[in-house]
Amino acid sequence: MMKQVAPLVNLAISTGEPAGIGPEVSLAAAVEFLREQNGVAITLLGDDQLLTLPKNIDPALASRLQVESIKLKTPVVSGVLNPQNAQYVIALLDQAINGCQQGRFDAMVTAPLQKSIINDAGTPFTGHTEHLAQRCNISHVVMMLCAPLPTGFLGLESPRDLRVALVTTHVPLKDVPQALSYDLILETIQIVNRDLQRKFGIANPVIRMAGLNPHAGESGYLGREEIEIITPAIEAAKAMGIQVSGPYPGDTMFDPESVATVDAFIAMYHDQGLAPFKFVTFGNGVNVTLGLQIIRTSVDHGTALDIAGKGIADFGSMLEALRLAYQLAVNQRKQP
Ligand SMILES: NC(=O)c1ccc[n+]([C@@H]2O[C@H](COP(=O)([O-])OP(=O)(O)OC[C@H]3O[C@@H](n4cnc5c(N)ncnc54)[C@H](O)[C@@H]3O)[C@@H](O)[C@H]2O)c1
Ligand SMILES: N[C@H](C(=O)O)[C@H](O)COP(=O)(O)O
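Everything numeric in this text was worked out from a predicted model, so none of it was measured.

Draft legend 1. Seen up close, the packing of helix H7 (residues 182-198) against helix H8 (residues 225-239). For the pair H7 and H8, interaxial distance at closest approach is 9 Å and the crossing angle is 40°. What the angle tells us is that H7 and H8 run oblique. Of the two elements, H7 crosses H8, and the hand of that crossing is right-handed. Counting all contacts with H7, which are made through Tyr182, Ile185, Leu186 and Ile189, the residues of H8 involved are Ile229, Ile230, Pro232, Ala233, Ile234, Ala236 and Ala237.

Draft legend 2. The arrangement of the UniProt feature "binding site: a divalent metal cation" (unreviewed entry) in the chain in detail. Mapped onto the present numbering, the UniProt feature "binding site: a divalent metal cation" (unreviewed entry) falls on His170, His215 and His270. What stands out for the annotated residues spanning 101 residues is how far apart their C-alpha atoms range, the widest pair being 23.6 Å apart. Counting through the fold element by element, His170 comes out in the loop between strand E6 (160-166) and helix H6 (176-179). When its relative accessible area of 27% is taken as the criterion, His170 is described as partly exposed. The contact partners of His170, leaving out residues within four places of it in the chain, are Lys115, Thr126, Gly127, Glu130, Met143 and His270. In terms of polar contacts, His170 uses its side chain to reach the backbone carbonyl oxygen of Thr126, at 3.1 Å.

Draft legend 3. Main features of the nonpolar core. Membership of the largest hydrophobic core comes to 67 residues, with the highest contact counts inside it found for Leu11, Ile42, Ile185, Ile189, Val192, Phe200 and Met209. For this core, the element with the highest residue contribution is helix H11 (residues 316-334), accounting for 10 residues. Residue-level mapping places this core at the junction of two domains, with at least three residues from each of domain 1 (1-138 + 292-336) and domain 2 (141-291). If we ignore the near neighbours within four places in the chain, the residues touching Val192 are Val142, Ala165, Ile207, Ala264, Ile266 and Leu290.

Reading the values: the criteria
- Residues numbered from 1 in each chain as written.
- Chains lettered and ligands numbered in written order.
- Predicted model: local features only at pLDDT ≥ 70, side-chain atom pairs only at ≥ 80, totals over all residues.
- Heavy atoms only, no water.
- Axes fitted to C-alpha atoms, helices over the stretch in contact; angles between N-to-C directions.
- Helix = DSSP H or I, 4+ residues; strand = E, 2+ residues; numbered from the N terminus.
- Parallel < 35°, antiparallel > 145°, perpendicular 65-115°, else oblique.
- Left-handed = near helix turned anticlockwise from the far one by under 90°.
- Contact = heavy atoms within 4.5 Å.
- UniProt positions renumbered as here; feature names shortened; annotations may be inferred.
- Buried < 20%, exposed > 50% of the residue type's maximum accessible area, 1.4 Å probe, protein only.
- Polar contact = N/O pair within 3.5 Å; in protein donor to acceptor, adjacent residues only side chain to side chain.
- Core = buried A, V, L, I, M, F, W, Y, C linked by side-chain atoms within 4.5 Å.
- Domains from an automatic or database assignment.

Below you can see the structure in the form of C-alpha cells.
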C-alpha cells in the first residue's frame with residue numbers, strides 16, 4: 001500500500017515595515033525553517049525587490065518557497081521610514097488575513113511594522129493584535145508571548161515554555177485602570193484557558209494572574225481594583241473549573257516555583273508582563289494572538305531601524321514564530 005503523504009502546511013509571512021529588519025529576517029528564517037521542516041511551504045508577502053532568494057538555494061527547498069509580490073508605493077531606504085509605504089504594510093497584513101480566512105494559508109506569521117508611521121500616514125493603528133480583532137470581527141482577542149526556557153533556568157529540571165498573556169495591550173499607562181473591568185478580566189482568563197487547551201493541547205492549564213497595583217493593592221490601601229474586579233473575576237473563573245490563582249503582586253509573580261509549574265501568567269498591562277518576559281527571552285520569543293479562528297504568530301521584537309539592511313539582524317525570533325505557527329497548524333489539523 002502507498003504511504004499517504006500529509007499535505008504541506010502552508011504558512012504566510014507578512015514581511016512588515018520595508019525600511020526595517022522585517023524583510024531580511026523573514027527571508028532568512030523562511031529558508032532556515034524550510035531546511036528544518038520538510039512538511040511546510042512558505043509564502044513571503046512583500047515586494048519581490050526586497051525579497052531576493054539566495055542564488056545557491058537548493059531547488060527542492062526553493063520549490064516550497066514563493067514570493068507573492070505586492071508592490072511598494074515608493075522605493076525604500078533601509079532605516080528610513082516613509083509614510084507613503086504605510087498602506088503597503090497594511091496590504092501585506094490584510095493579504096495574509098484573507099489568505100487564512102479563505103484556507104489558502106494554514107497560519108500567518110507577521111514581521112514587525114512601525115505603528116507610528118501608519119498613524120502618521122493617516123490610518124489609526126494600534127497594533128497587529130487589534131487590527132486582527134477588527135478584521136476578523138472578534139470583540140476580544142488576547143496577546144500572549146511565549147518562549148522556551150532551557151533546563152537550569154531558575155533551577156528548571158527540564159525545558160519549559162514561559163507564556164505571558166495580557167489583559168490590556170497597546171493602552172497608554174494612564175488609561176489602564178479605566179480599561180480594566182470584571183468582564184474583560186474574566187474573558188481574558190477564559191480565552192487563555194480555552195486556547196491553551198485547543199491550540200496548545202494543554203488539557204488543564206495552570207494560570208497565574210497579576211494584580212494591578214503595588215503589592216496587589218495591599219488590602220485596598222494601595223488601590224482597590226484587586227478587591228473590586230480582579231479577585232471577583234478570578235473567583236468566577238475558578239467556579240467554571242479553570243485552574244487560575246491570584247492576584248499576585250506583579251514584582252514577585254514570576255518566582256522559580258511558578259515558572260516550573262504555571263502554563264500561562266496573565267499580566268494586567270503591556271510592560272508589567274512583557275518587561276520580565278523580554279528580559280529573559282528577547283530574541284527567542286513569539287507573540288501569538290489568542291481568541292482568533294485563524295492562527296497568527298509574530299516576532300518579539302520591533303523594526304530595529306538602527307540595524308536594518310546591515311545583514312546583522314538576528315532571525316531567531318522569526319524562526320521560533322514559524323515553528324510555533326507550524327505546530328499550531330498541525331494541532332488544528334488533528335482536531336475533529
Ligand atoms: N511585532 C511587531 O510588529 C512589533 C513588535 C515590537 C515593536 N514593534 C514596533 O517596532 C518599532 C520599534 O520598536 P523598539 O525600538 O521599541 O524596539 P526594537 O525591537 O525595534 O528595537 C530595540 C533594540 O533591539 C534591537 N533589535 C531588535 N530586533 C533585533 C534583532 N532581530 N536582531 C538584533 N537586534 C535587534 C534593535 O536594534 C534595538 O537596539 C515601534 O514602532 C514598535 O511599534 C513592532
Ligand atoms: N506589544 C508587542 C510586543 O512588544 O512584542 C508588539 O507591539 C507587537 O504587537 P502586535 O503584534 O499587536 O503588533
